[in-house]
Amino acid sequence: MAYVEVLREDDLWVGEMRRVEVGGQPVLLLRVETGVFAYVDRCAHLGMALSDGTLEDCRVKCPAHHYEYDARTGMGVNPRGVRLEPVPILCRGGAILVDAGAGTDR
């Protein structure tokens, strides 16, 4: 895996999420009290961009049909049985680094 810096840690506040492009693929970065997490930026339902949704109480909510996911695990909360695709991430030296192969068919 090759990691690339996408953002400084100070630029992503607790309770905030942001879309970044990594190797031409959309990645959702989010930060909650327990850390920074990354997922492919698409809802498991119809592929809508979750970065257009909301993050509240460690739940990411899709803007289209209101699917909800646990921000820390990517597991579906409502409905259960769905899951976001995690993206490998590192926080090092004040930087957020994401696997450059994120969201691609590896």
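Our structure is the block above this text.
The structure reproduced in this document is the subject of the present report.

Thresholds applied
- Residue numbering note: each chain is counted from 1, following its sequence as written.
- Local features in this predicted model are restricted to residues whose pLDDT is 70 or higher, and side-chain atom pairs enter the listing and the counts only when it is 80 or higher, whereas totals over whole chains, interfaces and linings include all residues.
- With hydrogens and water set aside, each side-chain value is computed from the structure's full complement of heavy atoms.
- In this text, buried Ala, Val, Leu, Ile, Met, Phe, Trp, Tyr and Cys residues form a nonpolar core when linked through side-chain atoms within 4.5 Å.
- When accessible area is computed with a 1.4 Å probe and restricted to protein chains, residues below 20% of their type maximum are described as buried, those above 50% as exposed, and intermediate ones as partly exposed.
- The helix and strand labels rest on DSSP assignments: H or I over at least four residues marks a helix, E over at least two residues marks a strand, and numbering proceeds from the N terminus.
- We call two residues in contact whenever any of their non-hydrogen atoms come within 4.5 Å of each other.
- N or O atoms closer than or at 3.5 Å make up a polar contact, with two conditions inside protein: a donor-capable atom paired with an acceptor-capable one, and, for residues adjacent in sequence, both atoms drawn from side chains.
- Here the rule is simple: two strands pair whenever DSSP picks up at least two bridges between them.
- The rule for a salt bridge is simple: a side-chain nitrogen of Lys or Arg has to be within 4 Å of a carboxyl oxygen of Asp or Glu.

Focus on the nonpolar core
Among soluble globular proteins, nonpolar side chains are generally buried collectively.
Phase 1: Among the nonpolar cores identified, the biggest contains 16 residues, and Leu30, Leu50, Leu55, Val60 and Tyr69 are the most heavily contacted of them.
Phase 2: Only strand E3 (25-32) and strand E4 (35-40) provide two or more residues apiece to this core.
Phase 3: Looking at this core element by element, the count peaks at three residues for E3.
Phase 4: What Leu30 contacts, discounting residues up to four positions off in sequence, is Leu12, Glu16, Met17, Gly35, Val36, Phe37, Tyr39, Leu55, Val60 and Ala71.
Phase 5: Judged by nonpolar contacts, the second largest core, of twelve residues, contains Val22, Val27, Val40 and Ile96.

Overview of the environment of His65
Phase 1: Topologically, His65 is positioned in the loop between strand E6 (59-61) and strand E7 (68-70).
Phase 2: Its relative accessible area of 45% is what places His65 among the partly exposed residues.
Phase 3: For His65 and Asn78, which are 13 residues apart along the polypeptide, the C-alpha to C-alpha distance reads 10 Å.
Phase 4: With residues near it in sequence (within four places) discarded, His65 still touches His45 and Leu46.
Phase 5: Within the structure, His65 has its side chain in polar contact with the side chain of His45 (distance 3.4 Å).

With respect to the pairing of strand E9 (residues 89-92)
Phase 1: Where E9 meets strand E10 (residues 95-99), four bridges bridge the pair, whose relative direction is antiparallel. Pairing of Leu90 across the sheet is with Leu97, part of E10.
Phase 2: If you look at the hairpin formed by E9 and E10, you'll find two residues sitting between the two strands, and Gly93 has a positive phi there, around 60°.

Comments concerning the environment of Gly15
Phase 1: Following the sequence through the fold, Gly15 ends up in the loop between strand E1 (3-8) and strand E2 (17-22).
Phase 2: Put simply, Gly15 and Ala49 are 34 residues apart on the chain and 18 Å apart in space, counted from C-alpha to C-alpha.
Phase 3: Beyond its immediate stretch of four places on either side in the chain, Gly15 contacts Arg31 and Leu55.

Examining the pattern of salt bridges
Phase 1: For the structure on display, the rule yields nine salt bridges.
Phase 2: We note a salt bridge from Glu9 to Arg31, for which the minimum N-O separation is 3.8 Å. Taken together, the residues Glu9 in the loop between E1 and E2 and Arg31 in strand E3 connect sequence positions 22 residues apart. Arg31 matches Glu9 in its accessibility class, with the two residues each being buried.
Phase 3: Between Glu21 and Arg19 there is a salt bridge, and its shortest N-O distance comes to 3.4 Å.
Phase 4: On the accessibility criterion, Glu21 (48% relative accessible area) is partly exposed.

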